[in-house]
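Single-letter residue listing:
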Amino acid sequence: MADVKICGLREPAHVVAAAEAGARFVGFVFFPKSPRAVTVSEAAALAQAVPVGVARVGLFVDPDDALLAEVLAEVPLDVIQLHGHETPDRVAEVKALTGLPVMKAVGISGAEDLPLLTEHGLVADMLLVDAKAPKGADLPGGNGLAFDWRLLVGRRWLRPWMLAGGLTPGNVAEAVRLTGAPMVDVSSGVESAPGCKDVGLIGTFVAAAR
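To keep things clear, this report deals only with the structure shown in the data block. (Residues numbered from 1 in each chain as written. Predicted model: local features only at pLDDT ≥ 70, side-chain atom pairs only at ≥ 80, totals over all residues. Heavy atoms only, no water.)

Below, the discussion takes up the overall build of the chain. Check the secondary structure of the chain and you find seven helices and 10 strands. By the compact-globule yardstick of 17 Å for 210 residues, the chain fits well, its C-alpha radius of gyration being 16 Å. Across the 210 residues of the chain, 52% fall into the buried class. Counting only contacts in the chain whose residues sit at least 6 apart along the sequence, the fraction spanning at least 24 positions is 55%. (Helix = DSSP H or I, 4+ residues; strand = E, 2+ residues; numbered from the N terminus. Rg over C-alpha atoms; globule rule 2.2 N^0.38 Å. Buried < 20%, exposed > 50% of the residue type's maximum accessible area, 1.4 Å probe, protein only. Contact = heavy atoms within 4.5 Å.)

What follows is about the pairing of strand E4 (residues 79–82). Neither face of E4 is open: one carries Val-79 and Gln-81, the other Ile-80 and Leu-82, and all of them are buried. Both strand E3 (residues 55–60) and E4 contribute to a ladder of four bridges, which runs parallel. Within the sheet, the bridge partner assigned to Gly-58 lies in E4 and is Ile-80. In this fold, the crossover linking E3 to E4 by way of helix H3 (residues 65–74) has right-handed handedness. The pairing of E4 with strand E5 (residues 102–108) spans three bridges and is classified as parallel. (Pairing = 2+ DSSP bridges. Right-handed = clockwise from strand over helix to strand, strands pointing away.)

Here is the structure:
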């Protein structure tokens, strides 16, 4: 049984559907290149639809201080997700600047990438273990790609962690069984088209994960 984060939400109805299905986290993307990107005002409206008990996560890619301040002035986030090339030092800076817990995404394609999880686990509050984006990709995540989950078997880190990358209603139960992931994150795996969430798929995914 794993807790679920539904990321890349753009419509209040889908926020409500995610919460009603049992998701513990909902994610809003502040990265203009993404088909799931929202403006600050859109995210502020979405945040109002989030019920008590569900954490509001803001996804940023190498954000500067000004962007973080702009978003947080309008959007009541509970967690900052850093999905770019942020260093452990930058993760610490963002924690200090925002006063919020920070989840750091780390892209994995092989065993050589695993030490980054240990490094970031020293400073981040949570880790997101994602599939590494292909070279030249516009998006650091949300590409619907999986990595070899067997790389994670038996491994533990200093912080709570979340599995992402290519998860779908059809494979999430196996992914949780194999890796022992306490939390899972999905975006493209519950969409009918890029950026278009499907209420039925959201419900099926959460049920399969839990």
